[in-house]
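Chain and residue survey
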Amino acid sequence: KRIFLIIMFDNIAHTYDFLNRILSFYQDLIWRNHVSKRLKNKQGILVDVATGTADQLIYGLKRFPNALYGVGIDVSNEMLLRAKEKISKNELREKASLLAGDASKLPLKNNSADFATVSFGIRNMDAEPALREMYRILKLNGKIIILEFSMPENYLVRYLYILYLRNIVPVVGGLVSGNFEAYRYLSRSIEKFPCGEDFCKLMANSGFKGIKFRELTFGIATIYEGSK
């Protein structure tokens, strides 16, 4: 699965940001801002896991002015190339660095980060080993914030959402990116991934405490928080 995901994300990197905006109707920017707000008035080192093209890392550093430094980690070199360009464009080269790495074996020392964020990446990982790794790198009382797609509880919203995921997302994503399988995978991964209380249990099993979650946009996305 790891090799499949690396190849897939390398292949769609060139249209990744554009399709995120279009397929979410620009809601992804609002959702990412919810993550950044939870960093407000804090100070420390931020690690963004599965950073992709660094959207969340850049959002975090711009809305988290007290951040000492930010590190973005991803397995896809093509994503990291685009992330590097965006960091330069946003004049954040002195406050951010990028590392190639797997979430199940983060290239960071124990107790080295104050915050860990993951936006729309945890479902692409083996979740519990990745959560344990983020627990490892966080300092005592360090905070984890995870943003991920979820399945709405409301029957009608859920029904319409599944129709959209199965019939619209693969077609639009495939036509724009040239990779239909990547956006079929996106739909399948969202439907299968545990959300709400089920995901909170995975966080608790990995050692996190003070866990809470909040549904966004009728439950299409959910934000999770916990601390070490």
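The rules we used
- Residues numbered from 1 in each chain as written.
- Predicted model: local features only at pLDDT ≥ 70, side-chain atom pairs only at ≥ 80, totals over all residues.
- Heavy atoms only, no water.
- Buried < 20%, exposed > 50% of the residue type's maximum accessible area, 1.4 Å probe, protein only.
- Helix = DSSP H or I, 4+ residues; strand = E, 2+ residues; numbered from the N terminus.
- Arc of directions from axis to C-beta.
- Contact = heavy atoms within 4.5 Å.
- Pairing = 2+ DSSP bridges.
- Phe/Tyr/Trp six-rings, centres within 6.5 Å; stacked < 30°, edge-to-face > 60°.
- Lys NZ or Arg CZ within 6 Å of the ring centre and 35° of its normal.
- Salt bridge = Lys/Arg side-chain N within 4 Å of Asp/Glu carboxyl O.
- Core = buried A, V, L, I, M, F, W, Y, C linked by side-chain atoms within 4.5 Å.
- Axes fitted to C-alpha atoms, helices over the stretch in contact; angles between N-to-C directions.
- Parallel < 35°, antiparallel > 145°, perpendicular 65-115°, else oblique.
- Left-handed = near helix turned anticlockwise from the far one by under 90°.
- Nonpolar A, V, L, I, M, F, W, Y, C, P; charged D, E, K, R; others polar.

1. Quick word on helix α1 (residues 2-12)
Listed as buried for α1 are Leu-5, Ile-6, Met-8, Phe-9 and Ile-12. The buried residues of α1 occupy an angular sector of 165 degrees when the element is viewed end-on, so they sit on one face. Here the buried face of α1 lies against α2 (16-23), α5 (77-89), α7 (155-177) and α8 (180-192).

2. Description of the pairing of strand β4 (residues 113-119)
Taking burial as the measure, the 7 residues of β4 include 7 buried ones, the bulk of the element. Bridge count for strand β1 (residues 44-49) against β4 is 4 bridges, and the pairing is parallel. In the sheet register, Val-47 faces β4, and the bridge partner there is Ala-116. Direction of pairing for β4 relative to strand β5 (residues 138-149): parallel, over a ladder of 6 bridges. Bridging across to β5, Val-118 finds its partner in Ile-146.

3. A closer look at unusual backbone geometry
Its identity is not glycine, yet Asn-141 carries a phi of approximately 70 degrees, on the positive side. With respect to the element layout, Asn-141 can be found in strand β5.

4. Comments concerning the side chain of Thr-53
Position of Thr-53 among the secondary structure elements: in the loop between β1 and α4 (55-62). With residues up to four places along the chain from it excluded, the contact list for Thr-53 reads Tyr-16, Asp-17, Met-79, Arg-82, Ala-83 and Lys-86.

5. Thoughts on the packing of aromatic side chains
Applying the stated criterion across every chain, the model contains 10 aromatic pairs. Centre to centre, the rings of Phe-9 and Tyr-16 are 6.3 Å apart; their planes meet at 75 degrees, and the pair counts as edge-to-face. Aromatic side chains Trp-31 and Phe-149 sit 6.0 Å apart centroid to centroid with 90 degrees between the ring planes, which places their arrangement in the edge-to-face category. One end of the pair, Trp-31, is in helix α3 (residues 27-37); the other, Phe-149, is in strand β5, and 118 residues separate them in sequence. Each member of the pair Trp-31 and Phe-149 is classed as buried. Three or more aromatic residues joined by ring pairs make a cluster, and in this case those are Phe-193, Phe-199, Phe-213 and Tyr-224. We note Lys-228 situated over the ring of Tyr-135; from NZ or CZ to the ring centre the distance is 5.0 Å.

6. Quick look at the pattern of salt bridges
Enumeration according to the criterion identifies 16 salt bridges in this entry. A salt bridge links Arg-136 to Glu-133, with the nearest nitrogen and oxygen atoms 2.8 Å apart. Residue Arg-136 and its partner Glu-133 are located together in helix α6 (residues 127-137), separated by 3 residues, close to a single helical turn. A relative accessible area of 12% means that Glu-133 is categorised as buried.

7. A look at the nonpolar core
One finds Trp-31, Phe-149 and Tyr-183 to be the most contacted residues of the largest nonpolar core, which totals 42 residues. If one sorts the elements of this core by residue count, α8 sits on top with 5 residues. Setting aside residues no more than four positions away along its own chain, Phe-149 makes contact with Trp-31, Phe-120, Arg-123, Tyr-161, Leu-186, Ile-190, Ile-220 and Ala-221. Counting residues in hydrophobic clusters, the runner-up holds 27 residues, among them Leu-106, Ala-130, Met-134 and Ile-146.

8. Observations concerning the environment of Ile-12
Tracing the backbone through its elements, the reader meets Ile-12 in helix α1. For the pair Ile-12 and Gly-174, spaced 162 residues apart in sequence, the C-alpha separation works out to 9.5 Å. Dropping the residues within four chain positions of it, Ile-12 is found in contact with Met-79, Ser-177, Asn-179, Ala-182 and Tyr-183.

9. Topic: the packing of α3 against α4
Running from N to C, α3 and α4 cross one another at 50 degrees; their axes reach a closest spacing of 9 Å. Comparing their axes, α4 and α3 come out oblique. Crossing of α3 against α4: the hand is right-handed. The segment α3 lies against α4, with Leu-29, Arg-32, Asn-33, Val-35 and Ser-36 engaging Asp-55, Gln-56, Tyr-59 and Gly-60. Partitioned by chemical class, the residues of the contact of α3 with α4 number 3 nonpolar, 4 polar and 2 charged.

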